[in-house]
Every structure is written in C-alpha cells, then in structure tokens.
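Residue-level structural notes
Residue strings, one per chain:
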Amino acid sequence: MEEERIAGPVYIVLDIPSPMAEWIQSVRKRFDEERSLLPAEITLTGSCGTGLIEQGQSIRKIARLLDAAARKLHPFYAEFGNVQRFENTDIYFLDVKDPAPFQAAHEIVSRCGIRFEPSPYPFRPHCTLKLRKPPETVQELLELFFLQAPKVPFLLSRLSVYALPAPDSCRLLHRISLPV
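1. Overview of the pairing of strand β9 (residues 169-177)
- In terms of strand pairing, strand β8 (residues 158-166) meets β9 through seven bridges, oriented antiparallel. Note that in β9 the partner of A166 across the bridge is S169.
- In sequence, β8 turns back onto β9 through a hairpin of two residues.

2. Some points on the nonpolar core
- Formed by 50 residues in total, the largest nonpolar core has its most connected members in I16, I24, F80 and L159.
- Setting aside residues no more than four positions away along its own chain, F80 makes contact with I16, M20, I24, I42, L94, D95, V96, K97, C127, A149, K151 and F154.

3. Focus on the environment of L94
- Within the fold, L94 resides in strand β5 (residues 92-96).
- L94 sits 35 residues away from I59 along the chain, and the two C-alpha atoms are 30 Å apart.
- Residues in contact with L94, not counting those within four places in the same chain, are W23, I24, F80, G81, N82, V83, H126, C127, L129 and A149.

4. Section: the sheet that holds strand β6 (residues 126-130)
- An order of β4-β5-β6 is seen for the three strands of this open sheet, with the pairing classed as antiparallel. Either end of the sheet is taken by a strand with one partner, and the two such strands are β4 (80-85) and β6. Taken over all neighbouring pairs, the strand axes of this sheet differ in orientation by 30° on average, direction set aside.
- Examined bridge by bridge, β4 and β5 share four bridges and lie antiparallel to one another. The partner of F80 across the bridge, within β5, is V96.
- Each of β4, β5 and β6 is contacted by helix α4 (residues 138-145), which is oriented at about 150° to β4, the strand it contacts most.

5. Details of a nonpolar patch on the surface
- A cluster of nonpolar side chains, contributed by V138, L142, F145 and F146, occupies part of the molecular surface with about 420 Å² of accessible area.
- Tracing the chain through its elements places F146 in the loop between α4 and β7 (154-156).

About the criteria used
- Residues numbered from 1 in each chain as written.
- Predicted model: local features only at pLDDT ≥ 70, side-chain atom pairs only at ≥ 80, totals over all residues.
- Heavy atoms only, no water.
- Pairing = 2+ DSSP bridges.
- Helix = DSSP H or I, 4+ residues; strand = E, 2+ residues; numbered from the N terminus.
- Core = buried A, V, L, I, M, F, W, Y, C linked by side-chain atoms within 4.5 Å.
- Buried < 20%, exposed > 50% of the residue type's maximum accessible area, 1.4 Å probe, protein only.
- Contact = heavy atoms within 4.5 Å.
- Axes fitted to C-alpha atoms, helices over the stretch in contact; angles between N-to-C directions.
- Patch = residues over 30% accessible without salt bridge, like charges linked within 9 Å, V, L, I, M, F, W, Y side chains within 5 Å.
- Areas by Shrake-Rupley, 256 points an atom, 1.4 Å probe, with all protein chains shown as cover.
- Salt bridge = Lys/Arg side-chain N within 4 Å of Asp/Glu carboxyl O.

Here's what the structure looks like:
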C-alpha cells in the first residue's frame with residue numbers, strides 16, 4: 001500500500017477549545033458562512049511565518065516530526081485582543097493579547113524537520129473571522145471592527161494538521177495533545 005503524501009494546502013494549528021470555539025463559529029457564521037464550516041483555530045504554520053507544508057511529504061513522517069516537536073511544548077492560556085485586518089486584504093481576524101507563547105510554538109514547529117514553502121509575511125498569531133470578501137455594508141464593517149471577544153482566557157492544548165481541499169472544507173490528517 002502506497003504511503004499517503006501531502007497534496008494541496010496543509011496547515012498546522014492550535015485548536016481553540018469550547019466554549020470559545022463555538023463563539024468563533026457563531027461570529028464566522030454571521031460574517032463569513034464559508035469559514036464557519038472550518039474548525040476554530042490559530043494557525044502556527046501555513047499563513048505567515050512559514051508557508052504551507054511543502055507538497056509530496058509523507059503524512060506519516062510529518063506526524064512523527066510534529067509529535068517530537070510537541071514534546072517540547074506545553075499547554076498554555078491565551079486571550080483574544082481586538083479585531084484587526086491584514087493590510088491591503090479583506091482578511092479580518094482576532095489578534096491575541098500575548099503573542100510570546102505562540103511565537104515560541106511557531107519556532108519549534110517550523111524548525112522540527114517538516115519542509116515548508118516560504119512565506120513573505122512575518123508570523124502573527126491570529127484567528128481568522130472573515131476571509132476573501134469585503135464587508136457588504138458600512139454597518140457590517142463597523143459591527144466587525146467593534147466586535148469584542150469574550151475576555152476569558154482559554155487553554156490551548158492540542159495541535160492539529162488540516163488539509164483544506166476547498167475553502168469550506170477541511171480534513172484532519174493528524175492530531176496530538178500537548179504534554180502537561
């Protein structure tokens with residue numbers, strides 16, 4: 001049997017737990033129906049800092065390398081800040097109050113031996129709320145920008161690898177819980 005290999009866009013993320021995940025999904029449903037079908041997450045690799053996982057690599061090998069990297073990480077609490085927009089894009093996202101633990105996790109994962117495509121953008125931890133489509137009205141734009149995430153810390157304790165074959169679908173390729 002032939003070993004499955006990476007094909008298409010693949011990201012490594014920190015999964016956002018309940019109840020924050022459900023809050024994110026409700027915001028996405030309101031502002032970007034397509035995004036609401038994807039898991040609530042904060043991307044570690046694939047959008048900035050490092051690009052997507054390079055095509056053709058063995059999923060089994062990626063899982064093994066990521067498992068080893070995860071042993072160097074530990075669960076940590078995070079809290080969302082404000083809604084932001086990446087310059088010259090229609091990508092709206094929540095930033096995080098303290099980017100330091102995300103930066104450390106990004107560095108460990110990006111240097112674990114998995115090959116990544118280059119990215120022209122520096123790493124910035126965020127949770128995407130609206131992607132690709134500008135707000136339809138000024139009212140929608142104002143509602144989005146003045147949106148306040150619950151000011152409650154949430155524990156990030158799980159890494160996942162997701163393939164995104166289409167903008168509104170994803171497939172879990174691997175998941176690992178961070179050691180306590």
